[in-house]
Amino acid sequence: MTTAVIKTGGKQYLVQEGSAIRIEKLAGAAGQQIKFKEVLLTADDKIVQLGRLIIKTAQVTAKIIEQGKL
């Protein structure tokens, strides 16, 4: 299972494949796929990548489940 730390809205989030997280409002509609390009760390069973600021070759793809207030 791949784990990543992404940055969005000035905050960092630990994410894993298949998990759902609640974050600040994003541009887009429910069901729309989005990509997070500010990936600070990725890790799986064999390899850990840690960026100085961000890992330029990594991105996380997610789907907006719903929009609402936190």
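One can find the structure itself at the top, above this paragraph.
The structure presented is a predicted model; accordingly, all values stated were derived computationally and were not measured.

A.B. asks: Please explain the layout of surface pockets as it appears in this structure.
C.D. replies: Empty space among the atoms can be located by rolling a probe the size of a water molecule over them. What the largest pocket holds in volume is close to 690 Å³. Ala20, Ile21, Ala62, Lys63 and Ile65 are, among the 29 residues lining the largest pocket, the residues nearest its centre. Listed by contribution, the elements that provide at least two residues to the lining of the largest pocket are strand S1 (3-8), strand S2 (11-16), strand S3 (33-36) and strand S6 (60-63). It is S6 that provides the largest number of residues to the lining of the largest pocket, a total of four residues. When the residues that make up the lining of the largest pocket are grouped by side-chain class, the tally is 14 nonpolar, eight polar and seven charged.

A.B. asks: Just to check I follow, could you spell out the sheet that holds S2 for this structure?
C.D. replies: Sheet strands pair via backbone hydrogen bonds, and the direction of the pair is either parallel or antiparallel. Ordered in space as S2-S1-S4-S5, the four strands form an open sheet in which the pairing is antiparallel. Each edge of the open sheet is held by one strand with a lone partner, namely S2 and strand S5 (48-50). If you compare each strand with its neighbour and ignore which way they point, the axes differ by 15° on average. With four bridges joining them, S1 and strand S4 (residues 39-43) adopt antiparallel strand pairing. Opposite Thr3, over in S4, you have Ala43 as the bridge partner.

Scoring rules and cut-offs
- Residues numbered from 1 in each chain as written.
- Predicted model: local features only at pLDDT ≥ 70, side-chain atom pairs only at ≥ 80, totals over all residues.
- Heavy atoms only, no water.
- 1 Å grid on protein atoms, 1.4 Å probe; cavity = no way out; pocket = protein on both sides within 12 Å on 5 of 7 lines; lining within 4 Å.
- Points joined across faces, edges and corners; volume = space filled by probe spheres on them.
- Helix = DSSP H or I, 4+ residues; strand = E, 2+ residues; numbered from the N terminus.
- Nonpolar A, V, L, I, M, F, W, Y, C, P; charged D, E, K, R; others polar.
- Pairing = 2+ DSSP bridges.
- Axes fitted to C-alpha atoms, helices over the stretch in contact; angles between N-to-C directions.

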